[in-house]
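What follows is the residue order along each chain.
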Protein chains: 2
Amino acid sequence: MSKLLQEAVSEFSKLPGIGRRTALRLSMHLLKMDTAAVEQMMGSIARFRREIRHCELCNNLSDTPRCPICENPERDRTTICVVEQVGDLMSIENTRQYRGLYHVLGGVISPMQGVGPSDLKIDLLLEKVASGAVREVILAISTSVEGETTLFYIMNRLKAYPQVKVTTIARGIGFGDELEYVDELTITHALLNRREIE
Amino acid sequence: MSKLLQEAVSEFSKLPGIGRRTALRLSMHLLKMDTAAVEQMMGSIARFRREIRHCELCNNLSDTPRCPICENPERDRTTICVVEQVGDLMSIENTRQYRGLYHVLGGVISPMQGVGPSDLKIDLLLEKVASGAVREVILAISTSVEGETTLFYIMNRLKAYPQVKVTTIARGIGFGDELEYVDELTITHALLNRREIE
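Residues numbered from 1 in each chain as written. Chains lettered and ligands numbered in written order. Predicted model: local features only at pLDDT ≥ 70, side-chain atom pairs only at ≥ 80, totals over all residues. Heavy atoms only, no water.

1. A few points about the confidence of the model for chain A
Residues and elements named next belong to chain A.
- For chain A, mean pLDDT is 92; residues scoring 70 or higher make up 100% of the total.
- Across chain A, the element-wise mean pLDDT spans from 84 in helix H8 (residues 184-192) up to 97 in helix H3 (residues 35-51).
- Here the predicted complex carries an ipTM of 0.79, next to a pTM of 0.77. (pLDDT = per-residue confidence, 0-100. Helix = DSSP H or I, 4+ residues; strand = E, 2+ residues; numbered from the N terminus.)

2. Here's the deal with the sheet that holds strand E3 (residues 76-83) of chain B
All names here are of chain B.
- Spatially, four strands are ordered E4-E3-E5-E6 in an open sheet, and the strand pairing comes out parallel. One side of each edge strand has no neighbouring strand; the edge strands of this open sheet are strand E4 (100-104) and strand E6 (165-168). Strand-to-strand twist in this sheet, taken as the mean axis angle between neighbours without regard to direction, amounts to 25°.
- The strands touched by helix H5 (residues 86-94) are E3, E4 and strand E5 (136-140); relative to E4, the strand with the most contacts, the crossing angle is about 160°.
- With respect to the sheet, helix H7 (residues 145-158) is in contact with E3, E5 and E6, its orientation differing from that of E5 by roughly 170°. (Pairing = 2+ DSSP bridges. Axes fitted to C-alpha atoms, helices over the stretch in contact; angles between N-to-C directions. Contact = heavy atoms within 4.5 Å.)

3. So, the sheet that holds strand E4 (residues 100-104) of chain A
Residue and element names in this part refer to chain A.
- An order of E4-E3-E5-E6 is seen for the four strands of this open sheet, with the pairing classed as parallel. What marks the edges here is a single partner per strand, and that holds for E4 and strand E6 (165-168). Strand-to-strand twist in this sheet, taken as the mean axis angle between neighbours without regard to direction, amounts to 25°.
- Alignment of strand E3 (residues 76-83) against strand E5 (residues 136-140), held across five bridges, turns out to be parallel. What sits directly across from Ile80, in E5, is Val137.
- Each of E3, E4 and E5 is contacted by helix H6 (residues 122-130), which is oriented at about 150° to E4, the strand it contacts most.
- Taken strand by strand, helix H7 (residues 145-158) contacts E3, E5 and E6, and its axis lies near 170° from that of E5.

4. Some words on the interface of chain A and chain B
- Counting residues at the interface gives 44 residues for chain A and 44 residues for chain B.
- Around 4,300 Å² of area is buried between chain A and chain B when both sides are counted, 73% of it from carbon and sulfur atoms.
- When the buried surface of chain A facing chain B is broken down by residue, Leu4, Phe48 and Arg49 of chain A rank first, second and third, together holding 17% of it.
- Of the charged contacts, one joins Glu39 of chain A and Arg50 of chain B as a salt bridge, the two residues approaching to 2.9 Å between their closest N and O atoms.
- Taken together, the connections running from chain A to chain B amount to 16 residue pairs in polar contact (both at pLDDT 80 or more).
- Put simply, the parts of the chain that give the side of chain A that touches chain B at least two residues each are helix H1 (3-12), helix H2 (20-32), H3, strand E2 (61-62) and helix H5 (86-95) of chain A. (Buried area = accessible area lost by both parts, 1.4 Å probe. Salt bridge = Lys/Arg side-chain N within 4 Å of Asp/Glu carboxyl O. Polar contact = N/O pair within 3.5 Å; in protein donor to acceptor, adjacent residues only side chain to side chain.)

5. Examining the nonpolar core
- Formed by 90 residues in total, the largest nonpolar core has its most connected members in Phe12 and Leu30 of chain A together with Phe12 and Leu30 of chain B.
- Here Phe12 of chain A is in contact with Ile18, Ala23, Leu26, Ser27, Leu30 and Met42 of chain A together with Leu15 and Ile45 of chain B, once residues within four sequence places are set aside.
- Val108, Leu120, Leu151 and Val164 of chain A belong to the second-largest nonpolar core, a separate cluster that totals 18 residues. (Core = buried A, V, L, I, M, F, W, Y, C linked by side-chain atoms within 4.5 Å. Buried < 20%, exposed > 50% of the residue type's maximum accessible area, 1.4 Å probe, protein only.)

6. Points about helix H3 (residues 35-51) of chain B
- For H3 of chain B, with 17 residues, the first-to-last C-alpha span of 24 Å sits near the 24 Å given by 1.5 Å per residue.
- Listed as buried for H3 of chain B are Val38, Met41, Met42, Ser44, Ile45, Ala46, Phe48 and Arg49 of chain B. (Expected span 1.5 Å × (residues − 1).)

7. Some details on the packing of H3 of chain A against helix H2 (residues 20-32) of chain B
- Contact pair H3 of chain A / H2 of chain B: the axes reach a minimum separation of 9 Å and the direction vectors enclose 50°. Taken together, the axes of H3 of chain A and H2 of chain B lie oblique to each other. The two elements H3 of chain A and H2 of chain B meet at a crossing, and its hand is right-handed. Residues Ile45, Phe48 and Arg49 of chain A of H3 of chain A form the contact with H2 of chain B, whose participating residues are Ser27, Leu30 and Leu31 of chain B.
- Taken together, the residues of the contact of H3 of chain A with H2 of chain B break down into four nonpolar, one polar and one charged. (Parallel < 35°, antiparallel > 145°, perpendicular 65-115°, else oblique. Left-handed = near helix turned anticlockwise from the far one by under 90°. Nonpolar A, V, L, I, M, F, W, Y, C, P; charged D, E, K, R; others polar.)

This is how it looks when you write it as structure tokens:
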């Protein structure tokens with residue numbers, strides 16, 4: 001097999017979820033594209049990695065030192081929604097229901113993977129809270145063991161600011177989910193947190 | 001959303017089988033890699049597109065004007081296996097059972113998609129056959145309507161060389177296939193071409 005092709009396949013295979021067969025298919029697809037288009041594609045992707053930075057206030061991905069959300073004067077500065085990663089922030093933004101600020105931790109506490117509290121942007125969050133403007137911190141962290149550990153760690157640190165309300169997003173049955181297929185823990189939560197019909 | 005990220009996502013989405021969600025996941029993965037590693041990855045892939053060429057004898061992908069198979073003195077020059085695309089050639093090579101040469105058509109005749117015989121490397125194949133050294137042409141072309149059209153077209157052109165044997169690869173039940181799930185045409189072929197047990 002051509003060394004150039006072998007190299008392209010091995011590079012594509014380094015991406016998550018892309019095996020050798022898919023890598024070969026992607027490489028073959030590039031041959032149907034103009035060389036200039038391929039150069040531009042690879043250039044844009046490399047440029048993204050080279051030039052992207054993290055917002056110095058909330059750790060969101062940003063093209064500028066501060067991200068558009070933190071810079072937006074219309075966002076409610078008294079509420080901070082804490083998420084694990086940028087993808088979570090995007091999912092919440094897509095709902096267009098949230099008008100506060102965010103704080104991206106960059107992961108969760110995981111002793112197994114050597115991630116401790118100091119590897120996450122928790123101090124940056126507490127600095128913001130200490131500044132006094134914050135009235136509510138919403139912890140939108142996943143319900144995995146690591147997520148819960150992170151949640152309790154942050155809750156403990158936030159106890160130093162009793163004037164700040166700490167909340168978590170509601171757990172329950174998703175719209176469109178069939179009860180039959182929902183796990184027991186979620187059903188238990190959904191039952192315990194049942195609401196009166198208005 | 002960051003413009004740099006948006007651009008990376010939109011570039012990844014141009015690849016076949018990669019939707020926006022996967023493109024976002026791939027972009028996020030790049031952030032976990034070193035900038036240098038990403039630059040090298042994108043560079044290698046762009047270089048593949050820029051520098052790869054087609055073997056002037058068989059149309060296989062090649063780093064050099066002639067591919068290693070055509071250049072290999074140990075390959076049997078009297079047999080040519082005709083395939084649609086480079087991936088097919090690789091699949092056959094992986095079996096390590098074939099010692100002849102190849103000829104890569106670069107597609108199949110498809111009036112619907114505007115692909116005629118002149119768009120494929122059929123003349124190059126006939127030149128090789130006309131040179132006199134070839135004794136057998138194996139047509140390893142898919143059994144789609146377009147594949148069959150291409151097969152008959154090439155068979156017709158090869159009638160000018162009655163000394164050349166023209167064969168196709170055997171159709172039948174694949175190893176591990178369950179008869180219950182095999183299509184009727186394949187079963188019919190497999191029955192008609194049954195072999196006596198030795």
